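Given next are the chains, with one letter for each unit.
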Amino acid sequence: MLDAKYKGLLIDLDDTLLDFTKSESLSLIATHRQFYQEIISEADFLSTFHAINGRLWQELEIGKVTPQDVCSQRFALLNKSAGSSIASQDVVAFYADQLIKNSFWLPGAEDAIKILKERFQICVVTNGFSNVQRGKHKLYNMEDWAESFIVSEEVGVSKPHKDIFDIALKSCGLLSHQALMIGNSLTSDYQGAINAGLDFCWVKIPDIDLPKSMPSPEYSVMSIAELNLI
């Protein structure tokens, strides 16, 4: 059993509960077909997007840009790279809609949540964009199993900054020693847990090793479904 001292779980959303990798892939392919297939090959579109998007998210984590910057700039920069005159705001809206439509539970995650919500308060903490994450909140009836839902764009601070975890803890009436943070990202979820003084459960990413500079987390699992076996 998880340590009895925990009263609440702070849980990342994308690639911890929901299969964002699959969602992103399907949504980008749909976006390419809708707007770019006469302008740039699918392979070049995907590689250009991932390079731009990855850099912007890294800048977000260190506070160099805002979530709004990531949302607005990634397709604007892609259009510039591809020599496209497409209105980037149209692409942004289409892509966001696709991310909601193409969202899926990770294997075993839905059943795990049904069990965990009977034992713990659950707070979802995500760096995603408000319109997309709120769409998922509605689609997955999160009000039925999550006491609170903290989106970085809405609270003005992103993981790994300590403040977003403090906001999440306050929303559930918990102290840091009473909560376990669960997530897949070492740079936003685990580093954030360290910054906030939270115990951490790493939902491990295949082929990614824990850096030697980071201490071993309290728990490591391959899927959130494994939490019910601890």
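Keep in mind that this is a model prediction, so the values were computed, not measured. (Residues numbered from 1 in each chain as written. Predicted model: local features only at pLDDT ≥ 70, side-chain atom pairs only at ≥ 80, totals over all residues. Heavy atoms only, no water.)

How do you make sense of the packing of aromatic side chains when you look at a structure like this?
The description of an aromatic ring pair rests on the distance of the ring centres and on the angle between the ring planes. The final tally for this structure, using the stated rule, is 11 aromatic pairs. On the numbers, 5.9 Å between centres and 40° between planes, the contact of Trp105 with Trp145 is tilted. With Trp105 in the loop between α4 (88-101) and α5 (109-116) and Trp145 in the loop between α6 (130-139) and β3 (148-151), this residue pair connects regions lying 40 residues apart in the sequence. Trp145 gets classed as buried once you look at its relative accessible area, which sits at 8%. The interplanar angle of 10° and the centroid separation of 4.6 Å between the aromatic rings of Tyr190 and Phe200 together place this pair among those described as stacked. Of this pair, Tyr190 sits in helix α9 (residues 186-196) while Phe200 sits in strand β5 (residues 199-203); the two residues are 10 residues apart in sequence, bridging distant segments of the chain. (Phe/Tyr/Trp six-rings, centres within 6.5 Å; stacked < 30°, edge-to-face > 60°. Helix = DSSP H or I, 4+ residues; strand = E, 2+ residues; numbered from the N terminus. Buried < 20%, exposed > 50% of the residue type's maximum accessible area, 1.4 Å probe, protein only.)

When you look at the nonpolar core in this model, what are you seeing that I'm missing?
A general tendency of soluble globular proteins is for nonpolar side chains to be buried together. Grouped together as the largest cluster of nonpolar side chains are 28 residues, with contacts concentrated most on Ile182 and Ile224. Elements with a contribution of two residues or more to this core: β1 (8-11), α5, β2 (121-126), β3, β4 (179-183), β5 and β6 (219-221). For this core, the element with the highest residue contribution is α5, accounting for 4 residues. Excluding its chain neighbours within four sequence positions, the residues that come into contact with Ile224 are Ile11, Thr16, Leu17, Ala109, Ala112, Leu116, Ile182 and Val203. Of all hydrophobic cores here, the second largest spans 21 residues; its members include Leu10, Cys123, Met181 and Leu186. (Core = buried A, V, L, I, M, F, W, Y, C linked by side-chain atoms within 4.5 Å. Contact = heavy atoms within 4.5 Å.)

Where do I start with the sheet that holds β6 in this structure?
Where strands meet in a sheet, backbone hydrogen bonds hold them as pairs that are either parallel or antiparallel. Taking strand neighbours across the sheet as the criterion, the 6 strands line up as β3-β2-β1-β4-β5-β6 in an open arrangement whose pairing is parallel. The sheet is open, and its two borders are formed by β3 and β6, each paired with just one other strand. The sheet shows a mean angle of 20° between the axes of neighbouring strands, taken without regard to direction. Pairing between β1 and β4: 4 bridges, direction parallel. Residue pairing across strands places Leu9 opposite Leu180, the latter belonging to β4. Lying on the sheet, α9 is in contact with β4 and β5; it crosses β5 at an angle near 160°. (Pairing = 2+ DSSP bridges. Axes fitted to C-alpha atoms, helices over the stretch in contact; angles between N-to-C directions.)

Would you explain the pairing of β2 in this entry?
In terms of burial, β2 is a largely internal element, 5 of the 6 residues being buried. Taken together, the 4 bridges between β1 and β2 define a ladder with parallel strand orientation. Within β2, the position partnered with Ile11 by the bridge is Val124. Of the pairings in the sheet, the one linking β2 to β3 comprises 4 bridges and is parallel in character. Along β3, the bridge assignment pairs Val125 with Ile150. For the crossover from β2 across α6 to β3, the handedness is right-handed. (Right-handed = clockwise from strand over helix to strand, strands pointing away.)

Everything listed here is a matter of coordinates, which is why it stays silent on function.
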